[in-house]
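Descriptive structure summary
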Amino acid sequence: MDARLGFRKRAAGGVGLKHPKDARQTARVTRRGHLTRYAALVILGLGLMSNYVSAADLDKTDMRQDNRWLKDHLLNDKAQLPFSFAYDRQGSSALLKLWPRKTETKQIDDDRTEHTVLWTDPKTGLQVRLEAMEFANSPVVEWTAYFRNDGKADAPILEYVQALDVSFPVSGEGIPTILYSKGCGVMDTYALVKKTLNQLESFQISSETGGKTVETIPFFDIRTEGRGLIGALGWPGKWTINFSRSTEAAIALSAGMQTTHLSLHPDEEIRTPQVLLLPWEGDDIDAHNVLRRHILKYHTPQYDGKPVVLPVSHLGWGGMKTSTSLKLIEQITKEKIGFENFWMDAGWYGADRPVDEFQVFGKEDWFLHAGNWRVNEVPHPDGKGLKPISDAAHAAGMKFLLWFEPERAVVGTPLTIEHPDWFIGEVTTNFEGNTERPVVKFRMLDFGNPTARQFMIDSISDLIDKEGIDVYRQDCNFALAPFWEKNDSPDRQGITQIRYAEGLLEFWDGLRRKHPQLILDIVQRADLETITRAVDLSRADYPVSPDADPIGAQISTEGLAYWRPHFGTLLQVRPSDTYHFRSGMAPGLAFALFNVAGYPNQIGSFIPADFPFAWMRNMVAQLKLVRPYYYGDYYPLLPCSANSDCATDPSQERSAGFEWAAWQFNRPEQGDGMVQAFRRDENKDHTKNLPLRGLDPAATYEVTDLDAKIPNTISGKDLMQHGLHVAIAEKRGAAIIVYKKIVYKKVP
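Everything in this summary refers to the structure shown in the same document. (Residues numbered from 1 in each chain as written. Predicted model: local features only at pLDDT ≥ 70, side-chain atom pairs only at ≥ 80, totals over all residues. Heavy atoms only, no water.)

Thoughts on the overall build of the chain
Quick reminder of the rule: Numbering of helices and strands starts at the N terminus; helices are DSSP runs of H or I of at least 4 residues and strands are runs of E of at least 2. The contact criterion used throughout is that any non-hydrogen atoms of two residues lie within 4.5 Å.
Looking only at helices and strands, one finds 15 helices and 41 strands in the chain. Restricting to contacts in the chain with at least 6 residues of sequence separation, those with at least 24 account for 72%.

Section: the sheet that holds strand β16 (residues 261-263)
Stated formally: When DSSP finds two or more bridges between two strands, those strands count as paired.
On the basis of which strands lie adjacent, the open sheet formed by 5 strands has the order β2-β1-β7-β16-β29 and antiparallel pairing. The open sheet has two free edges, formed respectively by β2 (90-91) and β29 (492-493), since each of these has just one partner strand. Across 3 bridges, the pairing between strand β7 (residues 157-162) and β16 is antiparallel. For L158, the partnering residue across the bridge sits in β16 and is L262.

Here we look at the sheet that holds strand β26 (residues 423-430)
Quick reminder of the rule: The axes are straight lines fitted to the C-alpha atoms, using for helices just the contacting stretch, and the angles between their N-to-C directions are given from 0 to 180°.
With antiparallel pairing, the 3 strands of this open sheet are ordered in space as β25-β27-β26. The sheet is open, and its two borders are formed by β25 (408-410) and β26, each paired with just one other strand. On average, each strand axis in the sheet is tilted by 30° relative to the strand beside it, whichever way the strands run. Of the pairings in the sheet, the one linking β26 to strand β27 (residues 439-445) comprises 6 bridges and is antiparallel in character. Bridge assignment links T428 to a residue of β27, and that residue is K441.

Some details on the pairing of strand β9 (residues 177-181)
How we decide: Only protein chains enter the accessibility calculation, which uses a 1.4 Å probe; a residue whose area is less than 20% of its type maximum is buried, one above 50% is exposed, and one in between is partly exposed.
In terms of burial, β9 is a largely internal element, 5 of the 5 residues being buried. Neither face of β9 is exposed, since T177, L179 and S181 on one face and I178 and Y180 on the opposite face are all buried. Relative to strand β12 (residues 219-224), β9 runs antiparallel, the two sharing 3 bridges. Looking across to β12, one finds that I178 is bridged to I222. Where β9 meets strand β10 (residues 192-196), 5 bridges bridge the pair, whose relative direction is antiparallel. Its bridge partner lying in β10, Y180 is registered against V193.

Describing the nonpolar core
Keep this limit in mind: To define a nonpolar core, start from buried Ala, Val, Leu, Ile, Met, Phe, Trp, Tyr and Cys residues and group those joined through side-chain atoms within 4.5 Å.
Counting 162 residues, the largest nonpolar core has W348, F507, F591, L593 and M616 as the members making the most contacts within it. Here this core takes 7 residues from helix α14 (residues 613-626), the largest share from any one element. With near-sequence residues (within four places) excluded, F591 lies in contact with V312, S313, H314, L315, F339, L571, V573, F581, M616 and V620. Within the second largest apolar cluster, 55 residues are counted, among which are F83, L96, F168 and F220.

Regarding the pattern of salt bridges
Rules: Take a side-chain nitrogen of Lys or Arg and a carboxyl oxygen of Asp or Glu: if they are within 4 Å of each other, that pair is a salt bridge.
Considering all chains together, one arrives at 42 salt bridges under this definition. With a shortest N-O distance of 2.7 Å, K297 and D111 are connected by a salt bridge. With K297 in helix α4 (residues 284-298) and D111 in the loop between β3 (101-107) and β4 (112-120), this pair connects stretches of sequence that are 186 residues apart. Look at K297 and you get partly exposed, because its relative accessible area is 46%. Residues D577 and R732 are paired through a salt bridge, measuring 3.1 Å at the closest nitrogen-oxygen approach.

Quick word on the packing of aromatic side chains
Definition in use: Pairing of aromatic rings covers Phe, Tyr and Trp, the last counted by its six-membered ring, and requires centre-to-centre distances within 6.5 Å; plane angles under 30 degrees mean stacked, over 60 mean edge-to-face, and any other angle means tilted. Consider the ring centre and the ring normal. A charge sits over the ring if Lys NZ or Arg CZ is within 6 Å of that centre and within 35 degrees of that normal.
Using the criterion set out here, one finds 38 aromatic pairs in the structure. Put simply, the rings of W348, Y349, W366, F367, W373, W403, F404, F447, Y472, W484, Y500 and F507 pair up and form one aromatic cluster. A cation over a ring is seen here: R129 above Y146, with NZ or CZ 4.3 Å from the ring centre. Over the ring of F442 we find R408, and its NZ or CZ is 5.3 Å from the ring centre.

Brief notes about the environment of L368
Along the chain, the position of L368 falls in the loop between β23 (359-360) and α6 (387-395). Residue classification places L368 among the partly exposed residues on the basis of a relative accessible area of 23%. When residues no more than four places from it in sequence are discounted, the contact partners of L368 are V410, P438 and V440.

Structural notes on unusual backbone geometry
One non-glycine residue with positive phi stands out, namely N137, at about 55°. As for its position among the elements, N137 is in the loop between β5 (126-135) and β6 (141-149). Although it is not a glycine, L200 sits at a positive phi angle of roughly 75°. You can see L200 is positioned in the loop between β10 and β11 (202-206). Overall, L200 belongs to the exposed group, its relative accessible area being 65%.

Comments concerning the pairing of strand β1 (residues 84-87)
Residues S84 and A86 point to one face of β1 and F85 and Y87 to the other, with burial holding for every one of them. Pairing geometry for β1 and β7, over 3 bridges, is antiparallel. Within β7, the residue paired with Y87 across the bridge is L158. Pairing geometry for β1 and β2, over 2 bridges, is antiparallel. Note on β2: the bridge partner recorded for Y87 is Q90. Between β1 and β2, which pair antiparallel in sequence order, lie 2 residues; one of them, D88, sits at a positive phi of approximately 55°.

Here it is in structure tokens:
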């Protein structure tokens, strides 16, 4: 068991425990008809019963009227509510049956209907409000709970708040499995994990730090025989998802903040994490494609009515001199490589001082100046800031990205002196634990403080205008949870985190309001609320190492694509190494043409004269060609076999290095897609037949290997039944095959 994942049973007194008087809310089995074009996915209660009806037979109004899950869990007086809490030492399941209840339904647009249920305690004035979103022709349900003290005195203690609290019936003879992904760790970033859950076992995934989702991400799928429950949380804070099988017949599922124990002041309101549930029956991969389509439509940043296009970025370090950056932009433009974004990472800010032009691991000083967001005029002289670089990037047809870390400020930077009341806590550390580095003290900016938050919105907005920033990149390189917890009083546990999370979301929304075309790049925070607002152009730091194993990039794509369609990654280019480059292909990709980061012996000189530019142009062109397919439906064709543990060390006998890997992205509406296949280092098989999915069996497809470039015509039936024949002659090889449906014009 990997200790990084935070596996543990619920501890006594933790938020995962129910109040003694609060009985577990058990769901009734319900019936609801629904058939998507993927498979029969039906709403449970939270059990599943099939009553299939063609989607063509149901209009949107009928679907809303027939949403049995909402009726059984929200919209009637006897609803079995999917959340829970304790108030004044009494459980919510008993309390809410006694409190007056009001409901309201509002049509948001053609696809969404919002249902609001409000309960009010007649004694203390506490209001509990559940806002749930229903989606036409979709089994997905989302909700957020709110608590408001409408009384004239401080309310009794509100505790054990669970944004999600349901029971999932176990069916069939097999052992249920919890599918989830690891977090933004090292080589196994976002690797899929399948955890069996036997009777009397408990299991937990969580974000312990409250910042980056290092241990795991808040997405899961409970799988039984032919049915399951996909879920996700939206909360840029410290969350926990608990799975407990105390009986053979059901899995108790609860999720929310780890600790809530507080008294609300008069007129004070708080919220819970956002919850998404997708009950499914039929094929598990089809269910995940329902999720992907939902995420693409409702939880992907939109620009001009379309999902964001993640750019191909050239990586650069903030210490790189303006003159060097301008020379680099000129060269990559002359070579017509196809970059769409010029990326300036940490190191551009702080006191005026000489800095290394590249990130030399163990020597960089970027962390010593966080919070002082002024341009260092030694590498960027003449008082012009970074505008000459952004102007050159724009003239070359590229966007300009700039790195920030606004949540942390080093003690002694101007803002910590001028407004110490805007900050929480103080930590003294050798950054990243390296004792050879200087000791630094830093504090956390309180985004729950409206004045501090507005100042940060305004000051960064001014920099966006002044420096010509198109992509705002926000990093977070410390644990937030200890600051929140130390700031809480005994009767207000959880309030600092709640206000901080609310404020952080408002901060991002405030930047977009001021700059509607601004792309937010929030680093390695994978919760639902964050990915709704922002992309993540670097899903992990591991690939930035010159020694990174490309299998790690493959495993990351395979795992993360189960949950969402938009993500980016970093890559250290290895000239003419097509296998390495294709391993790192993703909806968004960032790399430099030389090593901009590493140890002193790894930092490359400026682009060498013999660099294979023609090869690089071809790689970028291929990435742009296939980039739209990443937003299609996803089918893992060759996940790790039963003989492999998906380890990434080829020296291990059961390593993934002995496997092939392959997946398919398919756009049925457009009739096209692609297959990526990798023959890894130790594999002895030259060919594979890969049965494709999601095609029209009656159609004919034009199939093209991007290396051979000779199209073939194959029927959809053959591609699905007999498979796509893929040949990779050498070990450590990669292939990309694209296909499109042939549409024959009728002769008049």
